[in-house]
Amino acid sequence: MGFFQRNRDELIGRGFSPDRLPPGQYFTDRFPVLHVGDVPSISRSDWNLTLFGLVAEPRTIDFAELTSMPTVEITTDIHCVTKWSKFDTVWRGVRFRDLVALVGVDPAAQHVIEHAEYGYTTNVPLVDCLGDDVLVAWEYSEPGGAPTELTAEHGGPVRFVLPKLYFWKSAKWLRGIEFSAVDAPGFWERNGYHNYGDPFREQRYTHD
Ligand SMILES: Nc1nc2c(c(=O)[nH]1)N[C@H]1C(S)=C(S)[C@@H](COP(=O)(O)O)O[C@H]1N2
Ligand SMILES: [Mo]
């Protein structure tokens, strides 16, 4: 019996539904750190987020403004394209759709481009960003815990969290959100990864 089957059996043994594990993934209790380049160090007080593109008025908000908005906590599974999945991660932040309401997005905008420190970008359809579980988050906890400050290696001060797509679609060190009528494939999307990236359809690479 191979690693993936043993891992799936262990999952079932621990009382999880195996349906939560997308095809080709294994679950882990660890929280691997994955990114290109160095970990930037930005303090919460130096951080800000620019909302721009097809909006009524572009806006830059700082950490205090972001965190004064209605805050929500979600518990969710995350799936990395390198095949690890982690269950019941806890995140606290502002719903993405509340930021959409804040700037007044033009109906012609169909794509969201997340801009991170050092020029990392990733593109997602706007419609997929409007759900209850899509956050701009600054706190994290392991399963069952109370969220605390998101560490720099995991994207602090603030990162995007879009759990239903592979986790490369959740930019760490988020600094800008662009609303666009045209799609703009980001870093991994230009380097062979799928433009959409649904883990349950195993959309890992461009032609999957
Ligand atoms: N800015 C930035 N965000 C990024 C990445 C990156 O290279 N740069 N890597 C992505 C990938 S591939 C994954 S799996 C997750 C990993 O998040 P973690 O390190 O907190 O586990 O961050 C995503 N966000
Ligand atoms: Mo990833």
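Attention in this report is confined to the structure presented alongside it. Quick caveat, the model's predicted, so the values are computed rather than measured.

## Points about the site of ligand 1
Logical step 1: The full set close to ligand 1 counts 18 residues, and Pro32, Val36, His154, Arg159 and Lys172 are the nearest of them.
Logical step 2: Arginine 159 has a polar side-chain atom sitting 2.8 Å from an oxygen atom of ligand 1.
Logical step 3: The protein chains hide 98% of the 530 Å² of surface that ligand 1 would expose on its own.
Logical step 4: Taken together, the residues of the shell around ligand 1 break down into 13 nonpolar, three polar and two charged.

## A short note on the pairing of strand S4 (residues 71–79)
Logical step 1: With eight bridges joining them, S4 and strand S5 (residues 84–95) adopt antiparallel strand pairing. Bridge assignment links isoleucine 78 to a residue of S5, and that residue is lysine 86.
Logical step 2: In this antiparallel pair of consecutive strands, S4 and S5, the connection spans four residues, and lysine 83 shows a positive phi of 95°.

## Notes on the pairing of strand S7 (residues 121–125)
Logical step 1: Along S7, four of the five residues are buried, which leaves the element largely enclosed by surrounding structure.
Logical step 2: Linkage of strand S6 (residues 111–116) to S7, two consecutive antiparallel strands, is achieved through a turn of four residues, within which tyrosine 118 is found at a positive phi near 65°.

## Things to note about the pattern of salt bridges
Logical step 1: In the structure shown here, the tally under the stated rule is 15 salt bridges.
Logical step 2: Notably, a salt bridge pairs arginine 14 with glutamate 10, separated by 3.5 Å at the nearest N-O pair.
Logical step 3: Residue classification places arginine 14 among the partly exposed residues on the basis of a relative accessible area of 41%.
Logical step 4: Residue class for glutamate 10 comes out partly exposed when judged on its relative accessible area of 42%.
Logical step 5: Two residues, glutamate 142 and lysine 86, come together in a salt bridge whose shortest N-O distance is 2.8 Å. One end of the pair, glutamate 142, is in the loop between strand S8 (135–141) and strand S9 (148–149); the other, lysine 86, is in strand S5, with 56 residues separating them in the sequence.
Logical step 6: Here glutamate 142 falls in the partly exposed class, since its relative accessible area comes to 35%.

Cut-offs and rules
Residue indices begin from 1 for each chain and proceed along its sequence in written order. To read the labels, note that chains go from A and ligands from 1, taken in the order they are written. Given that the model is predicted, a residue must reach a pLDDT of at least 70 before its local features are reported, and side-chain atom pairs must reach 80 or more before they are shown or counted; all residues, however, enter totals for whole chains, interfaces and linings. Side-chain figures throughout are based on the complete set of non-hydrogen atoms in the structure, without hydrogens or water. Each residue is tested against the molecule or strand, and it is near if at least one of its non-hydrogen atoms lies within 4 Å. We define a polar contact as two N or O atoms separated by no more than 3.5 Å, with the added condition that, inside protein, one atom must be a possible hydrogen donor and the other a possible acceptor, whereas residues neighbouring each other in sequence contribute only through side-chain atom pairs. With residues, only the protein chains shown are counted as cover, and all accessible areas are computed by Shrake-Rupley using a 1.4 Å probe. For this classification, Asp, Glu, Lys and Arg are treated as charged, while Ala, Val, Leu, Ile, Met, Phe, Trp, Tyr, Cys and Pro are nonpolar and the rest, including Gly, are polar. In short, DSSP must find at least two bridges between two strands for them to pair. Segments assigned H or I by DSSP are reported as helices when at least four residues long, segments assigned E as strands when at least two residues long, and all are numbered from the N terminus. Partly exposed residues are those whose accessible area sits between 20% and 50% of the maximum for their type, while under 20% is buried and over 50% is exposed, using a 1.4 Å probe and protein chains only. Throughout this description, the term salt bridge denotes a Lys or Arg side-chain nitrogen within 4 Å of a carboxyl oxygen of Asp or Glu.

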